[in-house]
Amino acid sequence: MLRFRVFYRAMCKTSTKESMTMQEAVRFFAPRLEADHSAVYRWLTKNPALLQLDQTETDRKLSYLKYAYFTTEEIIEQPKILLNHLVTLENRTTILRECGLVESLNLNTLMNYIKLIRKNVDLLKRHHLIPKDLNMYEQLQRQFECTVEPKVRWDDQTLLQDLRISFFNAFLAQRLDMAEADLAKLWKSYSKLKHKSFGHTQRVIDILQYDYQFSRDKLIANLYLLHSDPENLLRFPQEVPTIGGVPLREVASKHPKIMMVNYESVVRVMKILQDLNIPEGELLKCMTVLTLSPQTVAYRLERLKNVKEFEVLTKHPRVLKLIQYQTKATIRLEYLQQLKVRCASLDVLSSHSQNFERYVREGCDRTKGRDTAHFLKYLFGDRGDQALQKIRRHPNWFHVPIAQMQDTFEALLKLKYTREDILDNVHILLYPLSRIEEKLCALINDVRVQEELGVEIYRASKMQLLALALYLIELDFHFTGDGVWPEQQIQQSDSGSSITIELPSSLSTEYKFGKKPSTTTEAGGGS
């Protein structure tokens, strides 16, 4: 726990997008803009949004803008340019150059990219943004490695964006053999592709087909990959050669969405999970976790530590499902607690809605054997299987939540009982802590109880004390196993019976199956 919190704080310090103080921002921008501190201070005072920027990303933007021959004076005059993503700056700069805006390209032009790309060719010529004798059709043709000739009627009154889309359609139809229906689907689902440069798109397809061995059908089925960053695609296999022992290219073939994630983010997420001893192989069963940011993963893990019912499940190998579906799991846990359900398993909390609904309707408040098995293995190591076999002999073992078992285990350790003592009397973990403490107190302090048992307590070992406490608890319940039930809960002792869940009157009928009602409904229905 302590190790995780130290690591989490370190992650936040180095990776989260925390606001810069004014002094930090001045020290950051002054040398990069080649300006004195007082001038930068006044500049930041007029542009406070810049204080919210991530330093690493901003440094990359500044480096790119200088590489693209934009001056520091222009950046100071157009500070809002830094609020754009780096990939946006790269694409827009390249697109404008592909369209012939070379000598006229400055930060003012770049800031007005959306307006310009929607103008007709004639207007761009009249404003001296492109040469008057420029043939835009031929200009766009020159941007492709292959011959692309869209069958479109055009003149200088044609909108630049419409002409670019015609070239996109012709190129994709030729390169990927895309039919009109495929192209219609593309523009309906991924319309922002029109803001990708031709060069970027050609390079992405080349890398996916030749480096990753994606077939034409694979690309058509995952057209969102055309939005991916070519540099990221190339660096990914170098920085993350394998995931769970499987080569990155093989993983990408089965889970192509991961290629949309920055490789640096994946490296950091894998480091977080490695430091928490979560087997890397589990990632292959829950790849969506790698699409979350490192900050999100660290934050969700921290939240797991602060909810008792979740914290006990962090020992489960499949805890990644709880990270992935934490919002849904939290809502479901709250819902089940209102129903007085105590034994929600990891599968129940993170499963599909249909499975969760079936669990609630069946009304069977019982834990899953897998959860208990993983928990006991965590407690007793190699002897976890032995502990599970003994636990299963109890008729009501599956009606005891593992969060309660953990509380009992930790309390016994504090009372100086060893793991050996507890393992030898492992059924003690199934009983409410209050009953255990009551019987232990009676054994030590009540002479009458000692006489009835015919034992000399001062000669009994810790292990024997736990055995006697177990005996006294079940003696009160005629050795039926019903001693596991909390005082306020009346249950049947038949281990095969289902436990009926009754909806409390205070529970909104809109609050169903892990979905919170709307604010309006809550106000009216009183959930």
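The paragraphs below set out a description of the structure included in this document. This is a predicted model, so every value here is computed, not measured.

Here the focus is the pattern of salt bridges. Overall, the coordinates contain 16 salt bridges when judged by the stated rule. A salt bridge links R164 to E98; the nearest nitrogen and oxygen atoms lie 3.9 Å apart. With R164 in helix α11 (residues 160–175) and E98 in helix α6 (residues 86–98), the pair connects residues that are 66 residues apart, well separated along the chain. Residue R164 is classed as buried on the basis of its relative accessible area of 1%. Judged by relative accessible area, which is 6%, E98 ranks as buried. Residue D182 is joined to R216 by a salt bridge in which the shortest nitrogen-to-oxygen separation is 3.7 Å. Remark: R216 occurs in helix α14 (residues 216–221) and D182 occurs in helix α12 (residues 180–189); sequence separation between them is 34 residues. Since its relative accessible area comes to 21%, D182 is described here as partly exposed. Bridged by salt links that share partners, the residues E57, R60 and E264 form one connected network.

Moving on, we get to unusual backbone geometry. For D177, which is not glycine, the phi torsion reads 55 degrees and is therefore positive. By secondary structure assignment, the location of D177 is in the loop between α11 and α12. When its relative accessible area of 58% is taken as the criterion, D177 is described as exposed. Of note in the backbone geometry, N277 takes a positive phi value of approximately 60 degrees without being a glycine. Along the polypeptide, N277 turns up in the loop between α17 (263–275) and α18 (294–305).

Okay, the environment of V266 next. With respect to the helices and strands, V266 occurs in helix α17. The class for V266 is buried, based on a relative accessible area of 0%. Along the sequence, V266 and P294 sit 28 residues apart, while their C-alpha atoms lie 7.8 Å from each other. Leaving out residues up to four positions away in the same chain, V266 has contacts with F236, V240, I258, V261 and L290.

The rules behind each value
- Residues numbered from 1 in each chain as written.
- Predicted model: local features only at pLDDT ≥ 70, side-chain atom pairs only at ≥ 80, totals over all residues.
- Heavy atoms only, no water.
- Salt bridge = Lys/Arg side-chain N within 4 Å of Asp/Glu carboxyl O.
- Helix = DSSP H or I, 4+ residues; strand = E, 2+ residues; numbered from the N terminus.
- Buried < 20%, exposed > 50% of the residue type's maximum accessible area, 1.4 Å probe, protein only.
- Contact = heavy atoms within 4.5 Å.

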